Amino acid sequence: MSDLRGRAFRPSGLDNSNSNRMVRPLTNEKNRYSVISKDVKREVDAGDGCCRADDAAPLHHVDVPFEKATFGMGCYWGTDSLFGATLGVLRTRVGYSGGTTGAPKGKDIGDNVEVIEIHYDPTKITYSKLLEMFWENHEYRASARLKREYMTMIQYHSEDQRKLAEDSKAAQQANEPEEVVATEIVPASPLYPAADHNQKYRLQGHVDLAKGLGLTSELLQSSHVAARLNGYLVGAGGLEQFEAEANQLGLSDAQKQYVRNYLIENDGAGIAC
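Owing to the predicted nature of the structure, the values given are computational and were not obtained by experimental measurement. (Residues numbered from 1 in each chain as written. Predicted model: local features only at pLDDT ≥ 70, side-chain atom pairs only at ≥ 80, totals over all residues. Heavy atoms only, no water.)

J.: It is not clear to me how the pattern of salt bridges should be interpreted in this structure. Could you clarify?
T.: Side chains bearing opposite charge may pair, as long as their charged atoms lie close to each other. With the rule as written, the count across this model stands at eight salt bridges. With a closest N to O distance of 3.0 Å, Glu117 and Arg93 form a salt bridge. Of the two residues, Glu117 sits in strand 6 (residues 113-120) while Arg93 sits in strand 5 (residues 89-97), which places them 24 residues apart along the sequence. The partly exposed category is assigned to Arg93, whose relative accessible area is 21%. The partner of Arg148 in a salt bridge is Glu184, and the shortest N-O contact between them spans 3.8 Å. Residue Arg148 is located in the loop between helix 2 (127-136) and strand 7 (152-156), and its partner Glu184 is located in strand 8 (residues 184-187); the two are separated by 36 residues in the primary sequence. On the basis of relative accessibility, which here comes to 30%, the residue Glu184 falls in the partly exposed class. Linked through salt bridges whose partners overlap, the residues forming this network are Glu159, Arg162 and Glu166. (Salt bridge = Lys/Arg side-chain N within 4 Å of Asp/Glu carboxyl O. Helix = DSSP H or I, 4+ residues; strand = E, 2+ residues; numbered from the N terminus. Buried < 20%, exposed > 50% of the residue type's maximum accessible area, 1.4 Å probe, protein only.)

J.: Is there a simple way to explain unusual backbone geometry in this structure?
T.: Glycine aside, residues mostly have negative phi, and peptide bonds are mostly found in the trans state. Residue Lys200 is not a glycine yet carries a positive backbone phi of 50°. Looking at the element boundaries, Lys200 is found in the loop between strand 9 (192-193) and helix 4 (201-204).

J.: How should I be thinking about the nonpolar core in this particular structure?
T.: One broad trend across soluble globular proteins is that nonpolar side chains are buried collectively. Core analysis: the biggest nonpolar cluster contains 28 residues, and Phe71, Phe83, Ile118, Leu130 and Ile154 have the highest contact counts within it. Of all the elements in the fold, those that place two or more residues in this core are strand 4 (67-73), helix 1 (76-84), strand 5, strand 6 and helix 2. Considering each element in turn, this core owes the most residues, six residues, to helix 2. For Ile118, the contacting residues outside a window of four places in its chain are Glu67, Lys68, Ala69, Phe71, Phe83, Val89, Arg91 and Thr92. Tyr232, Leu233, Val259 and Tyr262 belong to the second largest nonpolar core, which has 16 residues in total. (Core = buried A, V, L, I, M, F, W, Y, C linked by side-chain atoms within 4.5 Å. Contact = heavy atoms within 4.5 Å.)

J.: Is there a simple way to think about the packing of aromatic side chains in this case?
T.: Aromatic ring pairs are described here by two measures, namely the spacing of the ring centres and the angle between the planes. Summed over all chains, the structure comprises eight aromatic pairs. Aromatic side chains Tyr232 and Phe242 sit 5.1 Å apart centroid to centroid with 75° between the ring planes, which places their arrangement in the edge-to-face category. Linking Tyr232 in helix 7 (residues 224-232) with Phe242 in helix 8 (residues 239-245), this pair joins segments that are 10 residues apart in sequence. A single burial state applies to Tyr232 and to Phe242, both of which are buried. Through successive ring pairs, a cluster of aromatic residues spans Phe71, Phe83, Tyr127, Phe134 and Trp135. (Phe/Tyr/Trp six-rings, centres within 6.5 Å; stacked < 30°, edge-to-face > 60°.)

J.: How should the side chain of Ser223 be read in this particular structure?
T.: As for its placement among the helices and strands, Ser223 is situated in the loop between helix 6 (219-222) and helix 7. Since its relative accessible area comes to 0%, Ser223 is described here as buried. A distance of 3.5 Å separates a polar side-chain atom of Ser223 from the backbone nitrogen of Val225. Contacts of Ser223, omitting those with residues within four sequence positions, involve Leu59, His60, Arg91 and Leu215. (Polar contact = N/O pair within 3.5 Å; in protein donor to acceptor, adjacent residues only side chain to side chain.)

J.: Quick question: what am I supposed to make of helix 2 here?
T.: Note: α-helices contain 3.6 residues per turn, so residues at a spacing of three or four share the same orientation. The buried fraction of helix 2 is high, at eight of 10 residues. Every buried residue belonging to helix 2 is among Tyr127, Lys129, Leu130, Leu131, Met133, Phe134, Trp135 and Glu136, and all of these are buried.

J.: What exactly am I supposed to notice about the packing of helix 2 against helix 3 (residues 159-175) here?
T.: Packed helices, taken two at a time, are described by the angle between their axes plus the distance between the axes. One way to put it is that helix 2 packs onto helix 3 with a least axis distance of 10 Å and a crossing angle of 40°. Classified by the interaxial angle, the pair formed by helix 2 and helix 3 is oblique. Remark: the crossing between helix 2 and helix 3 carries right-handed chirality. Contacts between helix 2 and helix 3 involve Tyr127, Ser128, Leu131 and Trp135 from the former and Gln161, Leu164, Ala165, Ser168, Lys169 and Gln172 from the latter. (Axes fitted to C-alpha atoms, helices over the stretch in contact; angles between N-to-C directions. Parallel < 35°, antiparallel > 145°, perpendicular 65-115°, else oblique. Left-handed = near helix turned anticlockwise from the far one by under 90°.)

In structure tokens:
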């Protein structure tokens, strides 16, 4: 299968460790980075106190009208970083949805699918743009036949979203005539949030910074600044975007410099998922 948008990926378009796995870059307007294997270890702060929030008031809550988008794109860690650092996105949370077996019981998620729920400001970003990012950034091919947990899915929250999703799927299928796009388009169903350690997974690897933000179980699913930093720390969003909004995020000077350093270091790098 060719890369329809001309973005670089490994010669076969697949990771040799998994015949279905895509290495198409995860992309947003400001950044491109690739999915790499789950073997990459999480980075943990050295605990030197650089990220204390003595002079900061982190921007956790953004009270503006919003709409929801819910996508299944494979592993949710990478998509949480991607969408979290996208302008117009207010907050994100990851979990399980789309099944018939109800809430997961421990590690048994039944027939649910890993999804990300995105709250976005429709005056800043359109659902069509989010759909564009959805199609461009699957961990696996949208035509791959996978176990249900990692399948490709769009859950619509309105009739308008359903129509846009179906039109976008038809366009994607037209662009991949040799494949059968497997994405399910279904009505939104209850989201069962993933465990705390899976929420803002990349940010939580930076222990001092996460502690300095005062993150709680609730804030891991609702904080605006947590969503942003979860992306910026792995290079998503880009330095220009971060600098433009850094002062609005309520970070201390030390926290801003810490995030800036990681953003520069990881620009264009891969993220584990």
